[in-house]
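# Examination of the molecular architecture
Listed here are the chains, written in short residue letters.
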Amino acid sequence: MGEKSIVLAYLFWGIGGWFGLHHFYLGRDRQAFVWWCLLAGYGGVGWFNDIFSIPRYVEEANFSAKYVEGLAEEMRKNAKPKFSLYRSLGQLAFGNLLAWLIYRAIPEDESLLGNIGREEGEFRWPLIGSYLPYVLYTEENPRYYLSSITAACFFRYFVKWNRKPPIRRHICRRLFVIGSCVLLYSSLWASNLYFNASFTNEHGETIKFRDSVKNMLNSPVWAELKDNMQKLWEFYWMYGWNRLWDEIVRSLDPQGEKSALHVLDLPDSATQQEITKRWRELSRKYHPDKYDILEEKIEAQKTFLEIQEAYEKISVIHSKRKSQSSKSRESA
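Attention in this report is confined to the structure presented alongside it. As the structure is a computational prediction, the values presented were derived from the model and not from experiment.

The rules we used
Residues numbered from 1 in each chain as written. Predicted model: local features only at pLDDT ≥ 70, side-chain atom pairs only at ≥ 80, totals over all residues. Heavy atoms only, no water. Core = buried A, V, L, I, M, F, W, Y, C linked by side-chain atoms within 4.5 Å. Buried < 20%, exposed > 50% of the residue type's maximum accessible area, 1.4 Å probe, protein only. Helix = DSSP H or I, 4+ residues; strand = E, 2+ residues; numbered from the N terminus. Contact = heavy atoms within 4.5 Å. Axes fitted to C-alpha atoms, helices over the stretch in contact; angles between N-to-C directions. Parallel < 35°, antiparallel > 145°, perpendicular 65-115°, else oblique. Left-handed = near helix turned anticlockwise from the far one by under 90°. Expected span 1.5 Å × (residues − 1). Salt bridge = Lys/Arg side-chain N within 4 Å of Asp/Glu carboxyl O.

## Considering the nonpolar core
- Counting 13 residues, the largest nonpolar core has F33, F94 and Y185 as its most contacted members.
- For this core, the elements supplying multiple residues, two or more each, are helix 3 (29–37), helix 7 (85–101) and helix 11 (171–195).
- In terms of residue count, helix 3 provides more of this core than any other element does, 5 residues in total.
- Residues within four places of Y185 in sequence aside, it is in contact with F33, W36, C37, L97, L98 and L101.
- The next biggest cluster of nonpolar side chains, apart from the first, holds 11 residues, and it includes A260, L261, L264 and L282.

This is the structure in structure tokens:
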């Protein structure tokens, strides 16, 4: 594994930092996994903080002379790593997440986040700490947050410096390990969603997530979405990406032309003459002066203004197109 580039580190931070790609590039696989689990490090906080931390991470990854000298000086001054509020809060957040996810099955592993960088601790101490509050657990209130706190405190008390030089592992082994962790973590989420997740509808009825998914997959909305995606795929294979992109932009109606035609109740193929005729009909129909009751007058005025705005928008678009067409003919 060659020397790491700070430019590449920032590039990976920009394109895949939310999933810990820059940490994986720098050999910080544990932190990459934590970032992936916690949505870029506590909802993006860690990702933003990495803007200032990446230079230090690169020096650590390269084990540069400057970094080694600074680390040696820090070890001489302090028998154990200094307390870090940021790291401790991270341990609590990650521990609580795992405890909630694998409730009363596996004790939370505080040593994963604690062993990031040049700090290390044995697994047994946070494991013992996580079990201490177990006697306080009840079915109604598991209090798993207490295990997170005691495990983090035990790790902090027994933490020590990691004095070993970085181990350069093969990329295939690293991908296998982090991939296995991601698969395990994802399977826990899938299990929770399938067996325990539920929601309450507007009638106060509790519906299991797994049952709702079956119904949603058979719903008209999903069928329409699936049909549209199939049509987009077929269009892509037939005409290519450029034509597909043009079709998507046209469907999204960035100029608001389709919406304006919808207000006037006209098809996409309507001519300017048809648009003007329809605008006059609707303007006469919804003119506020034709209504005497206050509520009807207010509603008519709202519709009348929408009609005027729609007509003005379409007229401007058609006028620009006509002007462009004239210029094109002149230049030809």
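After that view, the rundown keeps rolling.
## Digging into the packing of helix 3 against helix 11
- Where helix 3 contacts helix 11, the two axes come as close as 11 Å, and the packing angle between them is 25°. Comparing the axis directions of helix 3 and helix 11 gives the class roughly parallel. Between helix 3 and helix 11 the crossing geometry is right-handed. Contacts between helix 3 and helix 11 involve D29, A32, F33, W36 and C37 from the former and R174, I178, C181, V182, Y185 and S186 from the latter.

## Focus on unusual backbone geometry
- At F63, a position not held by glycine, the phi torsion is positive, near 50°.
- Along the polypeptide, F63 turns up in the loop between helix 5 (45–62) and helix 6 (65–77).
- Unusually for a residue other than glycine, D265 sits at a positive phi of about 60°.
- Along the chain, D265 turns up in the loop between helix 15 (257–263) and helix 16 (272–285).
- Since its relative accessible area comes to 57%, D265 is described here as exposed.

## As for helix 13 (residues 220–239)
- Taking 1.5 Å per residue, 20 residues should reach 28 Å; helix 13 reaches 28 Å between its end C-alpha atoms and fits that length.
- Immediately downstream of helix 13, the backbone of G240 shows phi near 95°, a positive value.

## Topic: the pattern of salt bridges
- In total, this model carries 10 salt bridges according to the counting rule given.
- Across the pair D268 and K258 runs a salt bridge whose closest N-O atoms are separated by 2.7 Å. Of the two residues, D268 sits in the loop between helix 15 and helix 16 while K258 sits in helix 15, which places them 10 residues apart along the sequence.
- A salt bridge links R278 to D265; its shortest N-O distance comes to 3.7 Å. Residue R278 is found in helix 16, and its partner D265 is found in the loop between helix 15 and helix 16; the two are separated by 13 residues along the sequence.

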